[in-house]
Amino acid sequence: MTVHKFATINDRKVFYREAGDPSLPTIILLHGFPSSSFMFRDLIPHLADRFHVIAPDYIGFGQSDAPPADAFDYSFENLTVHVAGLIEHLRLTSYVLYMQDYGGPVGFRLFTRNPAAVSGFVIQNTNAYMAGVGDMPAQIFLPLWEKRDAASEAAARGFLAAETTRFQYQVGARNVEAISPDNWTLDQALLDRPGHDSAHLNLLEDYKTNVALYDSWHQAFRHHAPKTLIVWGKNDPFFVPAGAEAFLTDLPQARLVWLDAGHFVLDENAEMVAAEIKASFATP
């Protein structure tokens, strides 16, 4: 059974889903943009017999607090601070990190803060290499990172539009009718909260701070060599297959599994992904 909880971290309410016996190995599921822990609703039951599962919503996402941008620093470092606070609150000392999209920057920051606590990576369509950035996001975000002005911000706002949210879920799917409309309906309702566009634009701009950390992350990958499973939707136009292959440069022991899927893979592949995670990380 999955339970739904809140914790107060740095005076902010952080929502998280929890399942499985806490005595089992812990896996923390870190969601992407524009989603929340809701994206893991089908995966969690498949993992809960072998893992203690924790799936938080970042501040500004899902059911967690979403303060206005003038009252909260919407940066990847600050998102990470609040996830780290939840980990400390739950007294978790060893865990696998499952990372998709925005989950990569949050997870890799957690890893470099405390590598001894991270028992492994599950990397799913998230980036730590510029080789993985597709032409579509590059054309939008490189100008924003170079200079945030009316023109670059207007282009970035396209990532907050309803048609883009739906596209992110459906692109690359084997059968679009297998992709639940609940995904983009919920995400868009939260994206469209009054004034919340500023929070997301700040994060889109701040993504450049992740790129600046790539070299240090690569060094940490090589030094600590965490056990790694890469499951990658090969039809993703945002984070392209070269991004998956690039991890093998610094994590040569990683297992790479290609999925016939796009950016979000779990609506069609939750059972397969769970089986791969269990094969790599579950205790006998």
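Check the entry above for the structure.
Everything numeric in this text was worked out from a predicted model, so none of it was measured.

Remarks on empty space enclosed by the protein
Scanning the model with the defined rule gives 4 cavities of 30 Å³ or more in all. A volume near 210 Å³ is recorded for the largest cavity. What lines the largest cavity is a set of 16 residues, and nearest its centre among them are Pro137, Phe141, Phe159, Tyr207 and Phe239. Elements with a contribution of two residues or more to the lining of the largest cavity: helix H4 (135-146) and helix H8 (196-224). At 5 residues, H4 tops the list of elements feeding residues into the lining of the largest cavity. Across the lining of the largest cavity, the residue classes tally to 13 nonpolar, 2 polar and 1 charged.

Some words on the sheet that holds strand S6 (residues 118-124)
Strand order in this open sheet of 8 strands is S1-S2-S4-S3-S5-S6-S7-S8, and the pairing throughout is mixed. In this open sheet, the two strands that pair with only one neighbour each are strand S1 (3-9) and strand S8 (255-259). Sheet twist, expressed as the mean angle between neighbouring strand axes with direction ignored, is 20 degrees. Pairing analysis gives 3 bridges linking strand S3 (residues 26-30) to strand S4 (residues 52-56), with the strands arranged parallel. Across the sheet, the residue bridging to Ile27 is Val53, located in S4. Against the sheet, helix H2 (residues 76-89) contacts S1, strand S2 (12-19), S3, S4 and strand S5 (95-100), and its axis sits at roughly 110 degrees relative to S1.

A short note on unusual backbone geometry
Here the amide bond leading from Phe33 into Pro34 is cis, since omega sits at 0 degrees, within 30 degrees of zero. Within the secondary structure, Pro34 is located in the loop between S3 and helix H1 (43-47). Backbone geometry at Asp11 places phi at a positive 70 degrees, although glycine is not the residue there. For Asp11, the location among the structural elements is in the loop between S1 and S2.

Topic: the packing of aromatic side chains
For the coordinates displayed, the defined rule picks out 26 aromatic pairs. Here the aromatic rings of Phe108 and Trp217 are separated by 5.3 Å at their centres, their planes lie at 55 degrees, and the arrangement is tilted. With Phe108 in helix H3 (residues 103-113) and Trp217 in helix H8, this pair connects stretches of sequence that are 109 residues apart. Relative accessible area serves as the criterion here: at 0%, Phe108 is assigned to the buried category. Trp217 gets classed as buried once you look at its relative accessible area, which sits at 1%. Over the aromatic face of Phe6 sits the side chain of Lys13, whose NZ or CZ is 4.8 Å from the ring centroid.

Comments concerning the pairing of S6
Regular strands place their side chains on alternate faces of the sheet. Taking burial as the measure, the 7 residues of S6 include 6 buried ones, the bulk of the element. Pairing geometry for S5 and S6, over 6 bridges, is parallel. Following the sheet pairing, Tyr95 is matched in S6 by Val118. In the classification by handedness, the crossover that spans S5, the intervening H3 and the parallel S6 is right-handed. Where S6 lies against strand S7 (residues 228-233), 3 bridges are found, and the strand directions are parallel. Bridged to Val122 within S7 is Leu229.

Some details on helix H10 (residues 266-281)
Under the 1.5 Å per step criterion, the end-to-end length of H10 is only 19 Å for 16 residues, more than 12% shorter than the ideal 22 Å. The largest bend in H10 is about 35 degrees, located at Met272. The set of residues buried in H10 consists of Leu266, Glu268, Asn269, Ala270, Val273, Ala274, Glu276, Ile277, Ser280 and Phe281. If you follow the buried residues of H10, they end up packed against S3, H1, S5, S6, S7 and S8.

Examining the environment of Val265
Looking at the secondary structure, you find Val265 in the loop between S8 and H10. Put simply, Val265 and Asn125 are 140 residues apart on the chain and 8.8 Å apart in space, counted from C-alpha to C-alpha. Dropping the residues within four chain positions of it, Val265 is found in contact with Gln124, Asn125, Gly233, Leu259 and Val273.

A look at the nonpolar core
Counting residues in each nonpolar core, the largest one holds 61 residues, and the members touching the most others are Leu30, Tyr102, Phe108, Phe121, Leu204, Phe221 and Phe247. When residues of this core are assigned to their parent elements, the largest contribution, 9 residues, is made by H8. Once you skip the residues sitting within four places of it in the chain, Tyr102 turns out to touch His31, Gly32, Phe33, Tyr58, Phe61, Phe76, Leu203, Leu204 and Tyr207. Core analysis: the second largest hydrophobic core is formed by 32 residues, Phe51, Val96, Val122 and Trp184 among them.

Reading guide: rules and limits
- Residues numbered from 1 in each chain as written.
- Predicted model: local features only at pLDDT ≥ 70, side-chain atom pairs only at ≥ 80, totals over all residues.
- Heavy atoms only, no water.
- 1 Å grid on protein atoms, 1.4 Å probe; cavity = no way out; pocket = protein on both sides within 12 Å on 5 of 7 lines; lining within 4 Å.
- Points joined across faces, edges and corners; volume = space filled by probe spheres on them.
- Helix = DSSP H or I, 4+ residues; strand = E, 2+ residues; numbered from the N terminus.
- Nonpolar A, V, L, I, M, F, W, Y, C, P; charged D, E, K, R; others polar.
- Pairing = 2+ DSSP bridges.
- Axes fitted to C-alpha atoms, helices over the stretch in contact; angles between N-to-C directions.
- Contact = heavy atoms within 4.5 Å.
- Phe/Tyr/Trp six-rings, centres within 6.5 Å; stacked < 30°, edge-to-face > 60°.
- Buried < 20%, exposed > 50% of the residue type's maximum accessible area, 1.4 Å probe, protein only.
- Lys NZ or Arg CZ within 6 Å of the ring centre and 35° of its normal.
- Right-handed = clockwise from strand over helix to strand, strands pointing away.
- Expected span 1.5 Å × (residues − 1).
- Bend = angle between axes of the 7 residues up to and from the residue.
- Core = buried A, V, L, I, M, F, W, Y, C linked by side-chain atoms within 4.5 Å.

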